[in-house]
Each structure stands twice: as C-alpha cells, then as structure tokens.
Protein chains: 6
Amino acid sequence: MPQVTITRRLYFNAAHRVHNPALSDEENAATFGKCNNPNWHGHNYTLDVSVTGPVEERTGYVIDLGRLKGIVEREVIDKVDHRNFNLEVDFMHGVIPTTENIVVGMWRVLEPAIRPARLTRLVLWETPNNYVEYDGK
Amino acid sequence: MPQVTITRRLYFNAAHRVHNPALSDEENAATFGKCNNPNWHGHNYTLDVSVTGPVEERTGYVIDLGRLKGIVEREVIDKVDHRNFNLEVDFMHGVIPTTENIVVGMWRVLEPAIRPARLTRLVLWETPNNYVEYDGK
Amino acid sequence: MPQVTITRRLYFNAAHRVHNPALSDEENAATFGKCNNPNWHGHNYTLDVSVTGPVEERTGYVIDLGRLKGIVEREVIDKVDHRNFNLEVDFMHGVIPTTENIVVGMWRVLEPAIRPARLTRLVLWETPNNYVEYDGK
Amino acid sequence: MPQVTITRRLYFNAAHRVHNPALSDEENAATFGKCNNPNWHGHNYTLDVSVTGPVEERTGYVIDLGRLKGIVEREVIDKVDHRNFNLEVDFMHGVIPTTENIVVGMWRVLEPAIRPARLTRLVLWETPNNYVEYDGK
Amino acid sequence: MPQVTITRRLYFNAAHRVHNPALSDEENAATFGKCNNPNWHGHNYTLDVSVTGPVEERTGYVIDLGRLKGIVEREVIDKVDHRNFNLEVDFMHGVIPTTENIVVGMWRVLEPAIRPARLTRLVLWETPNNYVEYDGK
Amino acid sequence: MPQVTITRRLYFNAAHRVHNPALSDEENAATFGKCNNPNWHGHNYTLDVSVTGPVEERTGYVIDLGRLKGIVEREVIDKVDHRNFNLEVDFMHGVIPTTENIVVGMWRVLEPAIRPARLTRLVLWETPNNYVEYDGK
C-alpha cells in the first residue's frame, strides 16, 4: 500500500517583535538587533502542511485537500493572519515569536486537529531566504 | 563514499477529471466538487525526479542529467504532455487521476527504467499551492 | 495628483483545445500540433489585473483590492476555473481559445465591470514560459 | 544611441496599519477591515527600481548597479527595513501607509537622489499577489 | 483590431568578464570590481522576447510560439548558451558584455529575424535581482 | 525538546568547466558535451544551508541566522562568488567541479565551521531545473 505525502501551501502575514521579557532592554537589543524593534515589524509567511498516508481507493486521495485547507485555516491561519504574534495569538502565549517557536506552536495545534490523518511535516517561510521545518520530534 | 541526491525538474500540462466510475454521478459530484467537471479541466504540472548514489570519480556525476532527462521524457513526459490523464495515459488505466495516483504511477514506470541508478523521490506539483511526494514505500 | 497602477494577481485552471472548426482535421493538426489534441489538455493560468488612477485621499487607495478581487472573481474566475474554454465559457463563444483570444475576451468583460475605475492592463500567463498582455487597444 | 532600462530588485520587511486618523474607529474598521488591526500586521516587500538612459561607452553601463543599490539602501531601505511605516518613516509622515502611498513617497525621495540618472519606474510588491507601479506622473 | 503582446521566456547560461580593453588593469579593477575577475564568472540568464500585433483570425495567434522559439534559439540561444560572451559570441564583438550591451546586441539580431512580426521588447535577467529592458529605441 | 531545522538561503555566481584532466579532449567532449567548453560557462547558484537542533529557550533560536550567514559567507560564498571553480577555489582542488562535487566540498568546509551547531543538509541549485542535496553520509 503506497504511502504518499501530500502538501497544501497557505499564506498569511503578521507583525511580531523578537523579544525576551526576561532580559533587559540592552540584552534584547544586543541579542536580537533590528528584529527587536519595539515598534514591531512583519512578514509575509508561507506555510506548507504535509500529511502522509495510504491512497484511499474510493477517492484516490490521501486526504481531501479542501478539508485539509479548511482545518488549517480555522485552526491556524484565521488566528494569525493580519495579526500580532506577541499580542494576539493564543498558541504563542509565553514564548518568543521566532520562526522556530511559531512552527512548533502550529504543530501542537494542527497535529490533533488533522487526526486521524497523520501530519508529518510543517515548513514555514519567514522571508524568501529563510525557513524552518518541524516533524513533531 | 559520499551519497548525493541529484534532481531534475521537468514540466508538462494535461487535462483530467477526478471521477470514480464505481460511484454515481451524485456521489462523484459530492465527493470531488468542481474537480469532477465532466468537460475536464487541466493543469501545468512540475515533476522533480531524484536519484541518489555515490559520485562517480571519472565524471563527478551521480548520473548524467542529460541521460536522466531522456529517460523521463521517453517514459513519462511524452505520454502525458498535452494529454488527457483519464483517456490517453497507459500507466493510469483503471485508477482515478489524482495527483497521488499519478505520482505512484510514474514511480512504477520510472523506477525500473532508471536502474541501475536508484530513484529515491518523485515530487509532483499540480498547482503552485499543492504537491505530492513519493519514495516508493 | 500622482497616477498609480495597482495590480491584483489571481489564479485559475482550465482545459482547452486549440482548434479552428473552419479548418479540416488535417489543417488543424498541421497548424496547432499537440495543442489540437481532441481529448483536451489544460493549464494553470495566472492573471494580473491592473487599474490606474489617482490615490484617493480618504483611503490611500486607487481601488479597494478586495472589491477589485470580487469583481474579477465574479466576472471571470468563476466562469473559467476548473472549466473547459471551448465548451463552457460564454465570453469565448465563437473564437479559438488561444491565450491571445482569452485575454481580449476577459478585457471585454472586465473593462465595463470595473468602471468607473480604469482597467489599464491584463497579463495572462498560460505556462511559466509564455504570457500575453493586452491594454484595450 | 540606444536607451536601455536597468532594474535593481531589493527587499525589506515592515509593520503597518492601514488607518485614517480623520475617520472614526468604526469608519476605519468598515473601510480597511483586517488591515486596520490596531496591533499592526506586516509584510515582506519587494522593490524594483528602474533607471533609463543611454549605455555609457566606457563602462557598458546605464548606471553602476552597485552605486544604484547604495543610493536606494541609504535613502529608502535603511529607513523602512524592520520598521513601522506609521510610526518611524519620515517620508510617510501624514499619509496612510498603503502600498500606493508608499511607492509615491519612495519616488519623491529617490528621484532627486538618483539624478542625474533618470528614475523611470518603481514597482513595489506587498504580497506575492499584489503590487503597485509608479512612474512619477 | 486588438493589438496583443505575446512573450516567450527562454533560458541560457554563459561566462563573461566585464572588462574594457581600452582601460588599464587598475582602471578596470576600480571600475568593475569582482565582475572584472580575469578568470571569468557566469550567470543563468532569462530572456523574455515579446512580439506585438493583431490576433490572426485563422489561428487565434499573434505569432506561433513554436516558430518564435525556433527563431530565438537559432539566432541567439544557440550562439550564447554554455558560451563565453567575451570570446565566442559574434554579435558581441567589440563591446563590453554587460547586460545592457547584451540586450542591445540581441535586439539587433532578433528584430530582422522575427520580421514581418514586430519585436517590441526584450527583457534580460542576469541574476534574480537585476534585469534590463530594451524596446529598440 | 523539539528538534527544529532552520535553513538560510544564499546566492552566488561562478564560472566552471566540467572537465576531467585524466581523459583525452575527445573523451571529455564526448562525456561532458557543451559543459566541457574550454572557454568556460557559468551559473547563478542558490545554496540552502540547514542546521538542526533544539530551540534555545533564551532566544527562541536554533541558531542565530545572522551568525550562520556570516559563517557561510566567510567559509564558502566569499571563496566562490564571481570566481572560477576550476582555477580559484581551494576546496575544489583536484576534483571535477560538478554540482555533486561542489556540494560535498562545501559540506567538508561548513560542517566543522558551524559546530557545535549541527549541519544537517545542503541543497545546491545550479539552474532553475536541477539541484543536488547532501547530508554528510
């Protein structure tokens, strides 16, 4: 039974500030540079959501892409699009909104929501030149 | 002996209809929505073909990319480009032409044709926002 | 009063056959080659819709992009997405569905629908390697 | 004497809020929707700066691209990258930071700074799906 | 009679050295920096060739894209692909191989070869971040 | 402790000639075709450098992207950008400069330089249509 991975790409944009409230302002500035700007900055993010499984004979699908898109929009995109990661996103509460922490936070929300289908990879692009990947491990 | 993976990207376009002849028209419409249009629709597909192996000392190649391209064009691209997946593609006979089934069908044709080189991954993009991967398992 | 051009990019896919019913089958095959396949083929199209005008002081907009997107989706995208250009698209009746004729057909539909805003350019990509532009002249 | 146009592409990201302080909160929300979020949002912007002129015989250049890049970075990119368009950008003072107003603001800064070379077009992408163009008219 | 512009994108790669033999080595190094490396460097170039005209009723084409591609390959691509612009390209003899001079050289070759169709624009990308345009004026 | 992979994309261009000095000119021409041109050719390369590890609580980073970029620029990009792979790049001495050998050479330079962070993947694009991957095995 072939195991195929299918990926849906989605887009959103958001503001954030890379800032650790446990550090002084000087330490934050020295550690995070212009990403620590107190007036915020922002990005267009690209998110690739991958699900792996057997191909269902009745449909030829691993998962219906419309259904997958619906889950990701409801659980993640609607909470972050045109939002501020530091102030408005419930699943980012208490962590610094770096791309690494965002992708882990999204995994924790999406993995149970997509079940019984099996989420196997998230890729999150912050700019055209950097991205992170997480597979739940 | 380093094992390197080399990938050649190729392009084609085709028409298809996501349709299961074992279902009624109503079930097909409910299951596949606008992808079930009886008048067909189509896509520009992008195919990434990856071969993994040691780097041959005489050439510095894992596989000659011109030779790889020739095999993929002969075995796959020439059979699907400007074609109808439901009506005209021998290796898709009897399966619903979803991206999942197309990538598995292409693997079954390409894996033996590329031997003794080792095909290790196919990635097939159907639109800029969705793609499938298959590694033969 | 600065005149700025703003563009919204939209996507759709469709099937077509490049075929002139006034020609014989042999002439069609000789003229259009594999694009004349009677079983259809298809593409992912990209459409850039450009509107030019002064920047409204109250909004900072030439035109509200949400409103522009709504017009283009209603007048064009909903009529062509996952459709067959030869069989199902009213504004293509009686012309060969080449990219040239499609872009002119879309102009004729969109130009009055966008008024009083001024449509100034359509760009339509058929594949990553070819596109057409039309400015109404 | 051939007149050639040469373009340098640059990147930056920033936060903003589409908001007109002359309107009530209700009017702002109704007019600008989620782009009016008081907690900001942001984008990765792409800027194409075009200069037109004869090809200098001694260098084969219309303008030295390194020099052009230096001017654009000093006059524009350094003032907006990782910044907030509403709060921190001098040339945006008193206008709503829509893409239309940003591109006109950048033109007013860049046109004199690039002289005697002739700036002929700015293109500013806000997302992969919308962009504005301005040629100084 | 609508006038439509159709564009075919083609790719090639080549080596070059930005060097003016009328200058001293010191002047060349000071003027052209690392682009003057005597051991050469190179690029993947992207060329967009645009033809404008009425849409022919019999075909729905401004120009047959296969014919256009054939002309551009024979007249330009075959002479520059995997070649050295300074040493091997006849139409670049006696000029510095900057992107500006290359696009003008290509125009002079292509404009008569494409006639009676009307070449209206060439765009040549040297890297993902810089490109030139020429329209014959 | 989640293990996240973070990737930084960098760009360079270079000249090369695919040539094995142990072979005759005839064998080289027969084996490597136009890639063997004695006058060189070149490419715009894209390099993706991936580091995997736990997310540091103090910073939210796997590795500071500015520090990673600095290492890759110093160890690799500055040695290859606008250079000739056959003549000028120390870590390519004695091997044919195919993409496969370049990616292995870069791994050998980068893996110790990035430690104690863990380099887990390099992807090197030579053209928009072919790329290699190496993970140190």
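Thresholds, definitions, all that
- Residues numbered from 1 in each chain as written.
- Chains lettered and ligands numbered in written order.
- Predicted model: local features only at pLDDT ≥ 70, side-chain atom pairs only at ≥ 80, totals over all residues.
- Heavy atoms only, no water.
- Least-squares fit on C-alpha atoms with pLDDT ≥ 70 in both.
- Contact = heavy atoms within 4.5 Å.
- Buried area = accessible area lost by both parts, 1.4 Å probe.
- Salt bridge = Lys/Arg side-chain N within 4 Å of Asp/Glu carboxyl O.
- Helix = DSSP H or I, 4+ residues; strand = E, 2+ residues; numbered from the N terminus.
- Nonpolar A, V, L, I, M, F, W, Y, C, P; charged D, E, K, R; others polar.
- Phe/Tyr/Trp six-rings, centres within 6.5 Å; stacked < 30°, edge-to-face > 60°.
- Buried < 20%, exposed > 50% of the residue type's maximum accessible area, 1.4 Å probe, protein only.
- Arc of directions from axis to C-beta.
- Axes fitted to C-alpha atoms, helices over the stretch in contact; angles between N-to-C directions.
- Parallel < 35°, antiparallel > 145°, perpendicular 65-115°, else oblique.
- Left-handed = near helix turned anticlockwise from the far one by under 90°.
- Polar contact = N/O pair within 3.5 Å; in protein donor to acceptor, adjacent residues only side chain to side chain.

Draft legend 1. Representation of the relation of the copies chain C and chain B in the model. Under the fitted operation, chain C is carried onto chain B by 0.0 Å of movement along the axis and a turn of 180 degrees, and the coordinates agree to an RMSD of 0.0 Å. As the rotation angle and translation indicate, the two copies are arranged about a two-fold axis.

Draft legend 2. Structural view of the interface of chain D and chain A. Contact with chain D, which involves 21 residues of that partner, is made by 21 residues of chain A. Summing the contributions of chain D and of chain A, the shared interface buries around 1,700 Å²; its carbon and sulfur component is 49%. Three residues stand out in chain D for area buried against chain A, namely D:Asn39, D:Asn44 and D:His82, and they jointly supply 34% of the buried area on that side. Note that D:Lys34 is salt-bridged to A:Asp81, the shortest N-O span being 2.9 Å. Those elements that place two or more of their residues in the side of chain D that touches chain A are strand S1 (3–16), strand S2 (41–54), strand S3 (83–84) and strand S4 (118–127) of chain D. Tallying contributions element by element places S2(D) first for the side of chain D that touches chain A, with four residues. By residue class, the composition of the side of chain D that touches chain A is six nonpolar, ten polar and five charged.

Draft legend 3. Quick look at the packing of aromatic side chains. All told, the structure shown has 36 aromatic pairs over all chains when counted by the stated rule. Judged by centre distance (5.4 Å) and plane angle (75 degrees), the rings of B:Trp107 and B:Tyr134 are edge-to-face. In this pair, B:Trp107 sits in helix H3 (residues 99–114) while B:Tyr134 sits in strand S5 (residues 130–134), placing the two residues 27 residues apart along the sequence. B:Tyr134 matches B:Trp107 in its accessibility class, with the two residues each being buried. Aromatic pair D:Trp125 and D:Tyr131: ring centres 4.2 Å apart, planes at 35 degrees, arrangement tilted. Just as D:Trp125 is buried, D:Tyr131 falls in that class too.

Draft legend 4. Quick peek at helix H1 (residues 25–32) of chain F. Residues and elements named next belong to chain F. Within H1, the full set of buried residues consists of Asn 28, Thr 31 and Phe 32. Mapping the buried residues of H1 onto a view down its axis gives an arc of 75 degrees, with all of them on the same face. Away from the buried face of H1 by more than 90 degrees, exposed residues Glu 26 and Ala 30 are located. Looking one or two places after H1, you find Gly 33, whose phi comes out positive at around 60 degrees.

Draft legend 5. Quick look at the relation of the copies chain D and chain A. Screw-axis analysis of chain D against chain A gives a translation of 0.0 Å along the axis, an RMSD of 0.0 Å, and a rotation angle of 180 degrees. Comparing contact sets, 100% of the residues at the interface of chain D also lie at the interface in chain A, consistent with an isologous, same-surface contact.

Draft legend 6. Broad picture of the pattern of salt bridges. Residue and element names in this part refer to chain F. Scanning all chains against the criterion turns up 48 salt bridges over all chains. Close ionic contact of Arg 9 with Asp 48 constitutes a salt bridge, the shortest N to O distance being 2.8 Å. With Arg 9 in strand S1 (residues 3–16) and Asp 48 in strand S2 (residues 41–54), this residue pair connects regions lying 39 residues apart in the sequence. Its relative accessible area of 3% is what places Asp 48 among the buried residues.

Draft legend 7. Seen up close, the packing of helix H2 (residues 65–80) of chain C against helix H3 (residues 99–114) of chain C. Residues and elements named next belong to chain C. Running from N to C, H2 and H3 point in directions that differ by 150 degrees, and their axes come no closer than 10 Å. The angle between H2 and H3 places the two elements in the roughly antiparallel class. In this structure, the crossing between H2 and H3 has a hand that is right-handed. In contact with Arg 67, Leu 68, Ile 71, Val 72, Glu 75, Val 76, Lys 79 and Val 80 of H2, H3 contributes Met 106, Val 109, Leu 110, Ala 113 and Ile 114. Residue classes in the contact of H2 with H3 are distributed as ten nonpolar, no polar and three charged.

Draft legend 8. Expanded view of the interface of chain C and chain B. Counting residues at the interface gives 21 residues for chain C, matched by 21 residues for chain B. In this assembly, chain C packs against chain B so that about 1,700 Å² is buried in total across both faces, 49% of it on carbon and sulfur atoms. Of all residues in chain C, C:Asn39, C:Asn44 and C:His82 give up the largest surface area on contact with chain B, accounting jointly for 35% of the area buried on that side. The tally of links between chain C and chain B comes to two salt bridges. Joining chain C to chain B, the criterion identifies 16 residue pairs in polar contact (both at pLDDT 80 or more). Elements with a contribution of two residues or more to the side of chain C that touches chain B: strand S1 (3–16), strand S2 (41–54), strand S3 (83–84) and strand S4 (118–127) of chain C. The element that contributes the greatest number of residues to the side of chain C that touches chain B is S2(C), accounting for four residues. Its residues placed into classes, the side of chain C that touches chain B shows six nonpolar, ten polar and five charged.

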